Amino acid sequence: MSKDNPPRQKEEEEPPEPALGPMGFGILLGTAALYALYLVVPLVFGGPYNMRFLAGPSAFVPIAGYLAIAIILAVWPPTSRWGAGLLIGLGIFTLLGGGVCVGALVQMGG
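Residues numbered from 1 in each chain as written. Predicted model: local features only at pLDDT ≥ 70, side-chain atom pairs only at ≥ 80, totals over all residues. Heavy atoms only, no water.

## Thoughts on the nonpolar core
Ranked by size, the top nonpolar core spans eight residues in total: Leu34, Tyr35, Tyr38, Tyr66, Ala70, Leu86, Leu90 and Phe93. If you list the elements that add at least two residues to this core, you get helix H2 (21-44), helix H3 (61-75) and helix H4 (80-109). (Core = buried A, V, L, I, M, F, W, Y, C linked by side-chain atoms within 4.5 Å. Buried < 20%, exposed > 50% of the residue type's maximum accessible area, 1.4 Å probe, protein only. Helix = DSSP H or I, 4+ residues; strand = E, 2+ residues; numbered from the N terminus.)

## What to know about the packing of H2 against H4
In a packed pair of helices, the relevant descriptors are the angle between the two axes and the axis-to-axis distance. Packing of H2 against H4 leaves a shortest axis separation of 7 Å and a crossing angle of 40 degrees. Comparing the axis directions of H2 and H4 gives the class oblique. Judged by the sense of rotation from one axis to the other, the crossing of H2 with H4 is right-handed. The residues of H4 that touch H2, namely those facing Pro22, Met23, Phe25, Gly26, Ile27, Gly30, Thr31, Leu34, Tyr35 and Tyr38, are Arg81, Trp82, Ala84, Gly85, Leu86, Ile88, Gly89, Leu90, Ile92, Phe93, Leu96 and Gly97. Class assignment for the residues of the contact of H2 with H4 results in 15 nonpolar, six polar and one charged. (Axes fitted to C-alpha atoms, helices over the stretch in contact; angles between N-to-C directions. Parallel < 35°, antiparallel > 145°, perpendicular 65-115°, else oblique. Left-handed = near helix turned anticlockwise from the far one by under 90°. Contact = heavy atoms within 4.5 Å. Nonpolar A, V, L, I, M, F, W, Y, C, P; charged D, E, K, R; others polar.)

## Let's talk about the packing of H3 against H4
At a minimum axis separation of 6 Å, H3 and H4 run at an interaxial angle of 145 degrees. Every pair of crossing elements has a handedness; the one defined by H3 and H4 is left-handed. Packed against H3, whose contacting residues are Ile63, Tyr66, Leu67, Ala70, Ile71, Leu73 and Ala74, the element H4 presents Ser80, Gly83, Ala84, Leu86, Leu87, Gly89, Leu90 and Phe93 at the interface. When grouped by side-chain class, the residues that make up the contact of H3 with H4 number 12 nonpolar, three polar and no charged.

## So, the environment of Pro42
Checked against the element boundaries, Pro42 lands in helix H2. Between the C-alpha atom of Pro42 and that of Arg52, which follows or precedes it by 10 residues, the distance is 9.1 Å.

## Quick word on H4
It helps to recall that an α-helix has 3.6 residues per turn; residues three or four apart then point in one direction. A rise of 1.5 Å per residue sets the reference length of H4, with its 30 residues, at 44 Å; its end C-alpha atoms lie 43 Å apart and thus fit the reference within 8%. Where H4 is buried, its residues contact H2 and H3. (Expected span 1.5 Å × (residues − 1).)

## Topic: the packing of aromatic side chains
Under the counting rule described, the total for this entry stands at three aromatic pairs. Their ring planes at 20 degrees and their centres at 6.4 Å tell us that Phe25 and Trp82 sit as a pair that is stacked. Residue Phe25 is found in helix H2, and its partner Trp82 is found in helix H4; the two are separated by 57 residues along the sequence. With a relative accessible area of 42%, Phe25 lands in the partly exposed category. With 4.8 Å between their ring centres and 70 degrees between their planes, Tyr35 and Phe93 make a pair best called edge-to-face. Of the two residues, Tyr35 is situated in helix H2 and Phe93 in helix H4; the sequence distance between them amounts to 58 residues. Taken together, the ring pairs in this structure connect Tyr35, Tyr38 and Phe93 into an aromatic cluster. (Phe/Tyr/Trp six-rings, centres within 6.5 Å; stacked < 30°, edge-to-face > 60°.)

See below:
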């Protein structure tokens, strides 16, 4: 190796990604939006006993819309990380929501 051509190791390294990045923001935004929809909005509109818009099959309409948007974003290359984060956020929402539901049922059964 001559002195004129130093190794190009520094040029090939990619810069580190930000701490949270688009996927992390998608996870946080998606999970927070779903919990806000299903927990905060009913409380604002009169408490848990006055939420007819989330009763029965209509409860799945917001999740279906969220899932459609997340899949579209996940398959489009420029926004694939956002979409992946939204899909992971949906999974977190489902797992934590199931845990909260089971915990509430156990307390009622006493």
